[in-house]
Amino acid sequence: MIVLNLECKNFRNLENIKISPCEKMNVIWGENAQGKTNLIEAIWLFTGAKSFRNSKENVFLKFGAEKAVCSLDFKSEGIENNAKIEITDKKTAYFNDNKLKSSSNLVGKFNAVIFSPLDLNLISGGPSERRKFLDLSIGQIYPVFINVLKSYLRAVTQRNKIIKDYRYDSTLSVMLDVFEEEIATNGRKIIEFRKRYIDILNEYLPNIYKGISAGKEILETSYITKSKDNLLEELKLARKEDMYSGVTSTGPHRDDIEFKINGLSVRNFGSQGQKRSVALALKLAEAEVIKKKTGEFPVILLDDVMSELDKTRQNFILNHIEGMQSFLTCCDKSNFENLSGGKVFNIRNGGVE
């Protein structure tokens, strides 16, 4: 997957820009609030996903403009394609001049992996952040997983509603049986999917992190679940405790991922640079998994990844991300002074210089 040209008009503060990036590393640098992240965000929207900044669509328009237009020429599997997104009070998407029902129909046509400062929550945040990453990643390569997860979460929600009244009305046990059976059936599938994905991720993750740390640190990643072989039995045994808390206390919605560097928990003992490095390694490993599944690397989008990284780690990012077209934003020229190849774009006041 290669971006050939990107053009944006009136997208956030990007008034009228056009870039033709190279196939390797593309550095987008400039002072704060000049439009660096906006350019990365524009590329990301062509994946069909929502903004990684959790933005509402009405903020995409440049102040005073009635319409924003972003156009992307890209090559996938050797074939050149064009996608266009028009933004007014809604988003309208086109692929090779054909209007799509929704911008979400771009999913699968253009693939990218994004790293943003918010991804540090993957390491420092609670288990829900790591489960979300895992489930979104699995859903990209195993679409059937999405329906399994939806059915599971729906059954958990129903059980939570019933369990609160169960102590007052034992006839509800029949309904509990139904939802617990569904939770157990889909829960086992979710755990299997997640463990399988972690296994695939671990084919790449340790070596990627070893490269980032220049061989000085060893990263171990494991899936942590409290669920044993018989989830249905665990649910029934937990009824008494759960009816007082009002929540389902067992199942994959309570699971986590654990990261250890040289045997120590990254979340509890890692430095900011190590946490950022693990989050980055996760994203690069995710790209490798996508390549394994689709036969093609996604585009890599790295927003403000260089902060709090030493020169060794910065050098790895600049010069040793192999086979993937990358876009990297930064504020300081010194962050890319060791760039041995690639292209540099200076963003100022929403324009490219």
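Okay, so let's go over this structure.

A few words now on the nonpolar core. Counting 73 residues, the largest nonpolar core has V27, L302, I317 and L328 as its most contacted members. Considering every element that reaches this core, the biggest residue donor is helix 5 (residues 173-201), with eleven residues. If we ignore the near neighbours within four places in the chain, the residues touching L328 are M25, N26, V27, I28, L302, V305, M306 and I317. Residues F46, I85, I87 and L100 belong to the second largest nonpolar core, which totals 38 residues.

Turning to the pairing of strand 6 (residues 91-95), a few remarks are in order. One face of the sheet, then the other: side chains in a regular strand alternate in exactly this way. Most of strand 6 is tucked away: five of the five residues are buried. Side-chain alternation along strand 6 places K91, A93 and F95 on one buried face and T92 and Y94 on a second face that is also buried. In the sheet, strand 5 (residues 79-87) pairs with strand 6 via five bridges, with the strands oriented antiparallel. Bridge pairing in strand 6 links E86 to T92. Between strand 5 and strand 6, which follow one another and run antiparallel, lie three residues. Two successive antiparallel strands, strand 6 and strand 7 (residues 98-99), enclose a turn made up of two residues, where N96 displays a positive phi of approximately 50 degrees.

Before going further, it helps to spend a moment on the state of the cysteines. Summed over all chains, the structure comprises zero disulfides. In this structure C8 is not part of a disulfide, and its nearest cysteine sulfur, from C70, lies 3.4 Å away. According to the relative accessible area criterion, C8 is buried, its value standing at 0%. This cysteine, C331, is not joined by any disulfide, and C330 carries the nearest cysteine sulfur, 7.1 Å off. On the basis of relative accessibility, which here comes to 39%, the residue C331 falls in the partly exposed class.

It is worth spelling out the sheet that holds strand 15 (residues 351-352) at this point. Spatially, six strands are ordered 8-12-13-3-14-15 in an open sheet, and the strand pairing comes out mixed. Two strands close off the open sheet at either side, each with one partner strand: strand 8 (112-115) and strand 15. Pairing geometry for strand 3 (residues 25-29) and strand 13 (residues 326-330), over five bridges, is parallel. Paired with W29 across the bridge in strand 13 is C330. Contacting strand 3, strand 8, strand 12 (299-303), strand 13 and strand 14 (343-348), helix 1 (residues 36-45) crosses the sheet at an angle of about 155 degrees to strand 13.

Turning our eyes to something else, we now look at helix 10 (residues 272-294). Since one α-helical turn is 3.6 residues long, residues separated by three or four positions face the same way. The first and last C-alpha atoms of helix 10 sit 33 Å apart over 23 residues, in line with the 33 Å expected at 1.5 Å per residue. Burial within helix 10 is extensive, with 18 of its 23 residues counted as buried.

In this sheet, strand 2 (residues 14-19) lies alongside strand 1 (residues 2-11) in antiparallel orientation, the contact comprising five bridges. Within strand 2, the residue paired with E7 across the bridge is K18. The hairpin formed by strand 1 and strand 2 contains two residues between the paired strands, and R12 there has a positive phi angle of roughly 50 degrees.

As a packed pair, helix 3 (residues 127-141) and helix 4 (residues 144-166) sit with axes 6 Å apart at the nearest point and diverge in direction by 140 degrees. By the criterion of interaxial angle, the relationship of helix 3 to helix 4 is oblique. Along its contact with helix 3, which presents D135, I138 and G139, the element helix 4 presents F145, I146 and L149. Taken together, the residues of the contact of helix 3 with helix 4 sort by class into four nonpolar, one polar and one charged.

So, on to the sheet that holds strand 5. Read from one edge to the other, the open sheet built from six strands follows the order 2-1-4-5-6-7, with strand pairing classed as antiparallel. Lying at the two open borders of the sheet, with one neighbouring strand each, are strand 2 and strand 7. Lying over the sheet, helix 1 contacts strand 1, strand 2, strand 4 (68-76), strand 5 and strand 6, oriented at roughly 115 degrees with respect to strand 1.

How each quantity is defined
Residues numbered from 1 in each chain as written. Predicted model: local features only at pLDDT ≥ 70, side-chain atom pairs only at ≥ 80, totals over all residues. Heavy atoms only, no water. Core = buried A, V, L, I, M, F, W, Y, C linked by side-chain atoms within 4.5 Å. Buried < 20%, exposed > 50% of the residue type's maximum accessible area, 1.4 Å probe, protein only. Helix = DSSP H or I, 4+ residues; strand = E, 2+ residues; numbered from the N terminus. Contact = heavy atoms within 4.5 Å. Pairing = 2+ DSSP bridges. Disulfide = S-S within 2.5 Å. Axes fitted to C-alpha atoms, helices over the stretch in contact; angles between N-to-C directions. Expected span 1.5 Å × (residues − 1). Parallel < 35°, antiparallel > 145°, perpendicular 65-115°, else oblique. Nonpolar A, V, L, I, M, F, W, Y, C, P; charged D, E, K, R; others polar.

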